[in-house]
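Descriptive analysis of the structure
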Amino acid sequence: MSELYYPNKELFKDAAIKSMDEYWDLVKQAEEDYEGFWAKYAKEKIDWFKPFTKVLNEENAPFYKWFEDGELNVAYQCVDRHLATRKNKAAILFEGDNGDQQTLTYRELYYEVNRTANMFKNEFGIKKGDRVVLYMPMIPEAAISMLACAKIGAIHSVVFGGFSAEALRDRIIDAEAKLVVTADGAFRKGKPYMLKPVVDKALEEGCECVEAVCVVERNGEEITWVAGRDYAYNELIKSQPVTCEPEVMNAEDPLFLLYTSGSTGKPKGVQHSSAGYILWAQMTMEWVFDIKENDTYWCTADVGWITGHTYIVYGPLAAGATTVMFEGVPTFPDAGRCWRMVEEYQINQFYTAPTAIRLLHKTGADEPSKYDLSSLRVLGTVGEPIDPAAWKWYYEEVGGGRCSIVDTYWQTETGGHMISPLPGATPIKPGCATFPLPGIFAEIIEEDGTPTPVGEKGFMCITKPWPSMIRTIWGDPDRFVKSYFGDCKKDGKPVYFTGDGAMKDEDGYITITGRTDDVINVSGHRMGTAEVEAAIKKHDNVAAVAVVGKPHDIKGEGIFAYVVLKDDEGVADELETMKEINAIIKSEIGAIALCDDMAFVPDLPKTRSGKIMRRILRSLVKGEKITQDTSTLEDPSIVTKIEEIVQCKC
Ligand code: WT7
């Protein structure tokens, strides 16, 4: 059993959940009266335009409906309703890469959202249900545009700014977006980078659905304008009215789509709802981050990922908090950037990914000691398992042995946290997400629903529907059912399977052991092997390819490709081919999917039916002994051949 750590209780005197007794009590309440449990919070937390009378509709499972006859508006919940009590409170504190700063109070945010919503409506004809793609840097206009969509009932789909033109195009076409909002570019490590040219390229082919592109000016670099298609945000916004009636939305109306990778096929458009999503986003801000009226909260994610949606924009604003938005990177101008900002803004909650913690630990272990970090109370991590060494540094050096570390386990599909310590209640363990939040029935089970024994790996399932869960995959309900409800059952009924393995220890603490499918977790971001392989296959000289995750010091996992070339003789320089392949990946997906390394092999280990034995490839790249039975392979000798090639690489 690993050691327990006890954060300073004094810091959490007013926490929503103050002890493990209170925690277990809430768990019991949810068990005894599930609908009553959620109904109570939904009534208390949401400013309904029309109250709901039904809590959960399971008739068409797994297409669950929550609070289905209730009406609300998420932008109203996040902004308008706060004017009465906090109009002059900072809603968003923006810090640019170069250190430039901007504050938006709730009142200012309200006007900006309204003007942008009016612009979308009046200038671009955007109506309720229309899709708007946001390809944006980390600037306030990204959050404003998201909220403006919510205000008029449009469905936004934010595409991470690191994705390539091809990846952007796929997402635009899949969502049939009418409008793309972007920026000329932004700043990164002191230099401008560009986004608009990527949009131009994406729109060259097959995007007839797009009627207009709205461009925010951020870095002032020169861009090309297509007459009749491209419009300047900064110009059009000037003449917009500052009030805008919130569209009355049904609880189940989609709030946004966010594309994420699966083990097979193209990325899926995860569809989230309005009421269930915002309820849990707000509640977890209170439970997990212990957000208080005078706190300053900072999540370093990008709005292009679910963490940015729920824990930079929607959750903090629904909770009426002050949220910091940062354009830059943690290591520029030096590895003290984050800690300098924590000191200057007097940050109370700091939320980042293990990959950033490892990087900051490695490149600036002493940096935290140079700053006053005494404002910190809660330190969060998300996206991948955190190793004990990084955890301890975070706990001791950043948190001064006083703060709670909340290792939050969740996914794009879950909308918000599923398993996490509660800062005022949970004694913590390094690398351990600890316990499911009250109301969340996260269970480690076998495929048939029997509980996995303590100390053994099982499937991480969520066995009851929860309000912020994915509603469907945009345009592909069958894939939704197959992807999430096809693997595990409990009491004969399909239950949601996360794709992760997990293990419970003798104290009941849950550790996430990682994906059980072919998804690779690079720096806390999900990459589908099929997508990367499809890109690599576009190289003229590639006959076959399989990619696997390879342990990486900073990124957690890097991408490693086994490549079979059509014409091996002709390849004078393997390095050259590697560069060419990576150039294709960069243009098909983006720099996040670049391969760290490749092995050019004579063939892949395949079964007689042609299935690639990835498990063998995963073991080989880790330098592990092959324990799998290789006798069923079409050519068992291939394993030794590959092993020799890979060994030279390690
Ligand atoms: C996958 C979800 C959730 C926002 C960021 C990533 C892994 C997430 C943890 C954690 C271990 C974690 C899982 C999950 N993951 N949080 N605390 N400990 N693993 O969102 O891209 O949807 O990826 O990230 O494998 O399935 P995402």
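This structure is a prediction, so every number in the text was calculated from the model and none was measured.

1. Overview of the packing of helix H10 (residues 275-287) against helix H11 (residues 306-318)
Running from N to C, H10 and H11 cross one another at 85 degrees; their axes reach a closest spacing of 8 Å. Here H10 lies roughly perpendicular to H11, going by the angle between them. Together, Tyr277, Ile278, Ala281, Gln282, Thr284 and Met285 of H10 and His309, Thr310, Tyr311, Tyr314, Gly315, Pro316 and Ala318 of H11 make up the contact between the two elements.

2. Points about the sheet that holds strand E16 (residues 296-299)
As summarised here, the arrangement of the 7 strands in space is E5-E4-E17-E16-E18-E19-E20, forming an open sheet in which the pairing is mixed. Sheet topology places strand E5 (101-105) and strand E20 (404-408) at the edges, where each strand pairs with a single neighbour. Averaged over neighbouring strand pairs, the angle between their axes works out to 20 degrees when direction is ignored. This element, helix H12 (residues 337-345), spans strand E4 (90-95), E5, E16, strand E17 (322-326) and strand E18 (349-352) of the sheet and lies at about 145 degrees to E4.

3. Describing the site of the ligand
Neighbouring the ligand are 18 residues; Asp407, Thr408, Thr412, Asp500 and Arg526 lie closest to it. In the model, a nitrogen atom of the ligand is placed 2.7 Å from a nitrogen or oxygen of the Asp407 side chain. A distance of 2.5 Å separates an oxygen atom of the ligand from a polar side-chain atom of Asp500. Isolated, the ligand exposes 560 Å² of accessible area, and the fraction of that covered by the protein chains is 96%. Only H11, E20 and strand E26 (510-515) provide two or more residues apiece to the shell around the ligand. Per-class residue counts for the shell around the ligand are 6 nonpolar, 7 polar and 5 charged.

4. A closer look at a negative patch on the surface
A contiguous patch of negative charge on the surface is contributed by Asp21, Glu22, Asp25, Glu31, Glu32, Asp33, Glu35 and Glu58. In terms of residue count, helix H1 (residues 20-32) provides more of the negative patch than any other element does, 5 residues in total. Along the polypeptide, Asp33 turns up in the loop between H1 and helix H2 (34-45).

5. Let's talk about the sheet that holds strand E6 (residues 131-135)
Spatial ordering of the open sheet is given by E12-E11-E8-E6-E7-E14-E15-E23, a layout of 8 strands whose pairing is mixed. Each having just a single partner strand, strand E12 (230-232) and strand E23 (472-473) make up the two edges of the open sheet. Looking at chain direction, strand E14 (residues 254-260) and strand E15 (residues 268-273) are connected through 6 bridges and run antiparallel. Each bridged residue has a counterpart across the sheet, and for Leu257 the counterpart in E15 is Gln271. The strands touched by helix H6 (residues 140-152) within the sheet are E6, strand E7 (155-158), strand E8 (179-183), strand E11 (212-216) and E14, with E6 carrying the most contacts at an inclination of about 175 degrees.

6. As for the packing of aromatic side chains
A complete count under the given rule lists 46 aromatic pairs for this structure. On the basis of an interplanar angle of 65 degrees and a centroid distance of 5.2 Å, the ring pair of Phe37 and Tyr41 is categorised as edge-to-face. Pair noted here: Phe37 and Tyr41 are both in helix H2, with a separation of 4 residues, about one helical turn. Tyr41 matches Phe37 in its accessibility class, with the two residues each being buried. On the basis of an interplanar angle of 85 degrees and a centroid distance of 5.5 Å, the ring pair of Tyr41 and Trp287 is categorised as edge-to-face. Highlighted residues: Tyr41 in helix H2 and Trp287 in helix H10, separated in sequence by 246 residues. On the basis of relative accessible area, Tyr41 is assigned to the buried category, the value being 7%. The aromatic ring of Phe163 is capped on one face by Arg171, whose charged end is 4.3 Å from the ring centroid.

How each quantity is defined
Residues numbered from 1 in each chain as written. Predicted model: local features only at pLDDT ≥ 70, side-chain atom pairs only at ≥ 80, totals over all residues. Heavy atoms only, no water. Axes fitted to C-alpha atoms, helices over the stretch in contact; angles between N-to-C directions. Helix = DSSP H or I, 4+ residues; strand = E, 2+ residues; numbered from the N terminus. Parallel < 35°, antiparallel > 145°, perpendicular 65-115°, else oblique. Contact = heavy atoms within 4.5 Å. Pairing = 2+ DSSP bridges. Near = heavy atom within 4 Å. Polar contact = N/O pair within 3.5 Å; in protein donor to acceptor, adjacent residues only side chain to side chain. Areas by Shrake-Rupley, 256 points an atom, 1.4 Å probe, with all protein chains shown as cover. Nonpolar A, V, L, I, M, F, W, Y, C, P; charged D, E, K, R; others polar. Patch = residues over 30% accessible without salt bridge, like charges linked within 9 Å, V, L, I, M, F, W, Y side chains within 5 Å. Salt bridge = Lys/Arg side-chain N within 4 Å of Asp/Glu carboxyl O. Lys, Arg positive; Asp, Glu negative; His and termini not counted. Charge placed at Lys NZ, Arg CZ, Asp CG, Glu CD. Phe/Tyr/Trp six-rings, centres within 6.5 Å; stacked < 30°, edge-to-face > 60°. Buried < 20%, exposed > 50% of the residue type's maximum accessible area, 1.4 Å probe, protein only. Lys NZ or Arg CZ within 6 Å of the ring centre and 35° of its normal.

Without other data, these values stay purely geometric and don't point to any function.
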